[in-house]
Amino acid sequence: MKEKTIYEHLRDKGLSRRDFMKLCGTIAGMMGLEFAPPVKALGKLTHPSPTEVVAQALKTKPRLPIIWLEFQDCAGCSEAISRSSSPSLGNLVLNDIAIEYHETLMAAAGFQAEKAKEECMRKYWGKYVLVVEGSPTLADDGIYCTVAGKSNLDLLKEAAAGAAAIIATGNCASFGGIPAARPNPTRACGVADLIKDKPVVNIPGCPAIPEVTTGTILHFLVMGELPKTDHFKRPLPFYGHTIHDHCLRRPFYEAGKFAESFDDEGARQGYCLYKLGCKGPTTYNACAALKWERGLSYPVQSGHPCLGCSEPHFWDGGGFYEGQSAPTIILDKVSTATLVGAGVAVGAALAGVNAVKKSRAKKTLKKAASPETGTEAETKKEA
Amino acid sequence: MDWTEILRFSRGPLLHVAMMIFIVGMSYRLVKVILLGWERDRAANKGSKLWGVILNYLKGLLVLPFIPWVRRTFRNNALTFIAGGLFHLSLFVVLAFGTAHILVWKSLFGISWKSLPTPVVAFFSAAGIISLIVLLINRLTHPVLKLLTKLPIWINWVMVFLPMITGFIMARHLWFRYEVIFSLHLISVSLLLIWIPLGRISHFLFYFFSKTIHGAQAGKRAIMP
Ligand code: HEM
Ligand code: HEM
Ligand code: SF4
Ligand code: SF4
């Protein structure tokens, strides 16, 4: 039996054509379609409008199966999606545009849940998108994170084998995140460090911005491939600019007006947060452009410096409230004293050697200049 | 190896090691100079050593730079004098009043102060860079200077120029991704820190020795230093 297309599914649920087209427009916006030329995916040569491209895809494609696994994580990325201020849209994507297997959000539990996953994998082998939240752990064959008696490494390899594409959501799945912070006892790493034979896209963030995760899922659905990425496998439409590039406090940065503390006049005036530890200049993410809570605000706008949560090692990249230009390793007093001592010792030793040489040289010179010289010469002659 | 990783390395271990070498090296140089021993000054004390020292600093740092035409160095080569002075002033402003550098001092010594407005710092860093270029051209074209300038002096120039130019480019957000130019700035700063004890830029310390000793000698003889 042929599977129902997404459009048919939505129509059966009572969506009017008008609402469908509206939805397609919203989706096109979420994907940042204006960045991606849609021609190739649909085999057309003309440029249809983004909305038409989406509509075309939803009319012809069946729902996208998604398997969502969690490893070492806090479920914050799932929380962010399920509670984002556009829950209807998030729900719509996860329930009506995709068919999801999600360990945390699904109703089934225990063996039932395991069975559901296996069935889902078997049925859609080679077609599903694997979303990973949380970091895999390499230490001791992955025994520090197990589900249903299987190590996370086995679970990941098993699920990755049948995936058409993999989306690592959150900093943990992308780069190891907080579990990978020094000293990283479980040897947490990113999904892409382990899975080399499948297309992987990273949606780092803490949590990942929900609209970026759903936007990337939709991109795969509509275009049939993952979006173009940067060298960290982050989709360019969302990670092409730094927080600093689009920051609304930027004019204050350029003018050199900085908040010195969280409650001074500068902070109230909305001055730049660089001195309070802002990592915006080196952080590539869509916060400043997309914002959170349906464009309401984002951390820097609300008065908190950017933590750099979408970058590798963000947990070890210097203190959150330490200026970005501050060195990350600081010499303590004792080692400074030791170093000075070492320099002084070597200098003094060499100076000592010099002094001894000098006094010897002086003596020889004196001897040479003394009247005995003649006698010595005579002695030599005699000999 | 990507630039994020290189930046992590240069902000951490590289700068750390460079600072250690700088501290060991400068302590070593300092002790060696001090223990070279002083020539005994047998002149009778006709005035005040302290007064001589004070006069010498006043003259050298506060008065003469602003009425340079009384100086022979200025009359002989005004360009060296002006560009050299402007370079040192700019370096001081950028290092002491640039926001990023204040944060470095804060992390090292726990104290911080107000920064100057970015446009002012930007002006001085541009002035510093231009001065350095002028000094270089001067050295390349002046027949005597050219003969006097040996390899270590050319290296000095490069070592000072690189942090200045990378810092300026970074602060203006030109051409490079921020983490790339930030790494280049830190790598060049680290090279400079390692180079300083090895070469003549250690004059930032020894200058004060010669200034003090000359002042004291002149003071003892009750003559104008
Ligand atoms: C630990 C040492 C240092 C660190 C961490 C550091 C860091 C920085 C940073 C982050 C900026 C850019 C600020 C921004 O984006 O607005 C900067 C600018 C700059 N730095 Fe450094 N720097 C250091 C040492 C030096 C040294 C030794 C020199 C010169 C010899 C130097 C020269 C400059 C200059 C000229 C600028 C441009 C300032 C402007 O035009 O606004 N820096 N530095
Ligand atoms: C208290 C600090 C300093 C003082 C009082 C000072 C003083 C001087 C003086 C009097 C000269 C001219 C002497 C000569 O040409 O040999 C000079 C030249 C020079 N100084 Fe400094 N200096 C200081 C710090 C520094 C620092 C920190 C740097 C570099 C990071 C530096 C870089 C240079 C360079 C490159 C020249 C040669 C300029 C040329 O090509 O003519 N100075 N300095
Ligand atoms: S608050 Fe942060 S991101 Fe915004 S301008 Fe300042 S340094 Fe850049
Ligand atoms: S502002 Fe920075 S730390 Fe905060 S969520 Fe965005 S990228 Fe992460």
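Since the model is a prediction, treat every value here as computed from it, not as a measurement.

Q: Hey, could you run me through the coordination of the iron atom of ligand 1 in this one?
A: Put simply, a metal with four donors set out as a tetrahedron has ideal angles of 109.5 degrees, and one with six donors set out as an octahedron has ideal angles of 90 or 180 degrees. Residue and element names in this part refer to chain B. Note on the iron atom of ligand 1: its protein donors are H101 (NE2) and H185 (NE2). The metal-donor distances range over 2.0 Å. Angles of 86 to 179° at the metal separate the six donor atoms of the iron atom of ligand 1, which places the site in the octahedral class. Here H185 lies in helix α9 (residues 178–195) and H101 lies in helix α5 (residues 99–109), a separation of 84 residues in the sequence. When its relative accessible area of 21% is taken as the criterion, H101 is described as partly exposed.

Q: What is the right way to look at the interface of chain A and chain B in this model?
A: When the parts come together, some accessible area is lost, and that loss is often what is quoted as the size of the interface. The partner chain B presents 38 residues to the 44 residues of chain A that form the contact. At the boundary of chain A with chain B, total buried surface from both sides reaches about 3,600 Å², with 63% on carbon and sulfur atoms. The interface formed by chain A and chain B holds one salt bridge in total. E260 of chain A serves as the salt-bridge partner of K114 of chain B, at 3.8 Å between the closest nitrogen and oxygen. At the boundary of chain A and chain B, one finds twelve residue pairs in polar contact (both at pLDDT 80 or more). Elements supplying a minimum of two residues to the side of chain A that touches chain B: α13 (250–255) and α17 (333–369) of chain A. Ranked by residues supplied to the side of chain A that touches chain B, first place goes to α17 of chain A with twelve residues. For the side of chain A that touches chain B, the class distribution of residues is 20 nonpolar, 14 polar and ten charged.

Q: Whenever I open this one, α5 of chain B confuses me. Can you help?
A: Of the positions making up α5 of chain B, those classed as buried are T99, I102, L103, V104 and S107 of chain B. Taken from the residues just after α5 of chain B, G110 of chain B is the one with a positive phi, measuring 75°.

Q: Could you clarify how one ought to interpret the confidence of the model for chain A in this entry?
A: The predicted coordinates ought not to be read in detail in places where the model reports low pLDDT. Mean pLDDT over chain A works out to 81, with 90% of the residues at or above the 70 mark. Within the model, pLDDT remains below 50 along residues 374–383 of chain A, and this stretch shows zero contacts once partners closer than five positions in the same chain are excluded.

Q: Which parts of the structure should I look at to understand a positive patch on the surface?
A: Residue and element names in this part refer to chain A. The grouping of K358, R360, K362, K363, K366 and K367 at the surface amounts to a positive patch. Among the structural elements, K366 can be located in helix α17. Judged by its relative accessible area of 66%, K366 falls in the exposed class.

Q: Looking at this structure, how should I read the pattern of salt bridges?
A: Proximity of charged atoms lets side chains of opposite charge pair with each other. In the structure shown here, the tally under the stated rule is ten salt bridges over all chains. Each member of the salt-bridge network shares a partner with another, and the members are D230, R234 and E311 of chain A.

Q: Honestly, the coordination of the iron atom of ligand 2 in this entry has me stumped. Any pointers?
A: Residues and elements named next belong to chain B. Protein-derived coordination of the iron atom of ligand 2 comes from H88 (NE2) and H203 (NE2), at a distance range of 1.9 Å. Geometry at the iron atom of ligand 2 is octahedral, judged from the six donor atoms that bind it and their angles of 87 to 180° at the metal. One end of the pair, H88, is in helix α4 (residues 78–97); the other, H203, is in helix α10 (residues 203–220), with 115 residues separating them in the sequence. With relative accessibility at 40%, the residue H203 sits in the partly exposed group.

Thresholds applied
Within each chain, residues carry numbers counting from 1 in the order of the written sequence. Starting at A for chains and at 1 for ligands, labels are handed out in the order in which the entities are written. Per-residue local features are limited, in this predicted model, to residues with pLDDT of at least 70; the limit for side-chain atom pairs, both in listing and counting, is 80 or more; totals at the level of whole chains, interfaces and linings are taken over all residues. The basis for every side-chain value is the complete set of heavy atoms in the structure, and neither hydrogens nor water enter the calculation. Only nitrogen, oxygen and sulfur atoms qualify as donors, and only when within 2.8 Å of the metal (3.2 Å in the case of Na, K and Ca); with water excluded, sites may look incomplete. Irregular is the label for any site that misses the other tests, which are tetrahedral for four donors with all angles between 85 and 135 degrees, and square planar for four donors or octahedral for six when opposite donors exceed 155 degrees and the remaining angles lie between 65 and 115. Under the DSSP-based scheme used, a helix requires at least four consecutive residues in state H or I and a strand at least two consecutive residues in state E, with every element numbered from the N terminus. To sort residues, take the accessible area from a 1.4 Å probe on protein chains only and compare it with the maximum for the residue type: under 20% means buried, over 50% means exposed, and anything in between is partly exposed. By definition in these notes, contact holds between two residues if any of their heavy atoms fall within 4.5 Å. In this description, buried area is defined as the sum, over both parts, of the accessible area (probe of 1.4 Å) that is lost when the two are combined. For salt bridges, the criterion is a side-chain nitrogen of Lys or Arg within 4 Å of an Asp or Glu carboxyl oxygen. Whenever a nitrogen or oxygen atom comes within 3.5 Å of another N or O atom, the pair is scored as a polar contact, on the condition that within protein one atom can donate a hydrogen and the other can accept it, and that pairs from neighbouring residues in sequence are kept only if both atoms are in side chains. All residues other than Ala, Val, Leu, Ile, Met, Phe, Trp, Tyr, Cys, Pro, Asp, Glu, Lys and Arg, Gly among them, are scored as polar; the first ten of these are nonpolar and the last four charged. Known as pLDDT, the predictor's confidence for each residue is given on a scale from 0 to 100. In this analysis, a patch consists of residues with relative accessible area above 30% that form no salt bridge, clustered at 9 Å for like charges and at 5 Å for the nonpolar side chains Val, Leu, Ile, Met, Phe, Trp and Tyr. Shrake-Rupley sampling with a 1.4 Å probe provides the accessible areas, and residues are treated as covered by the protein chains on show and by no other component. The sign given to each residue is positive for Lys and Arg and negative for Asp and Glu; His and the chain ends receive no count. Charged groups are reduced to one reference atom each: NZ for lysine, CZ for arginine, CG for aspartic acid, CD for glutamic acid.

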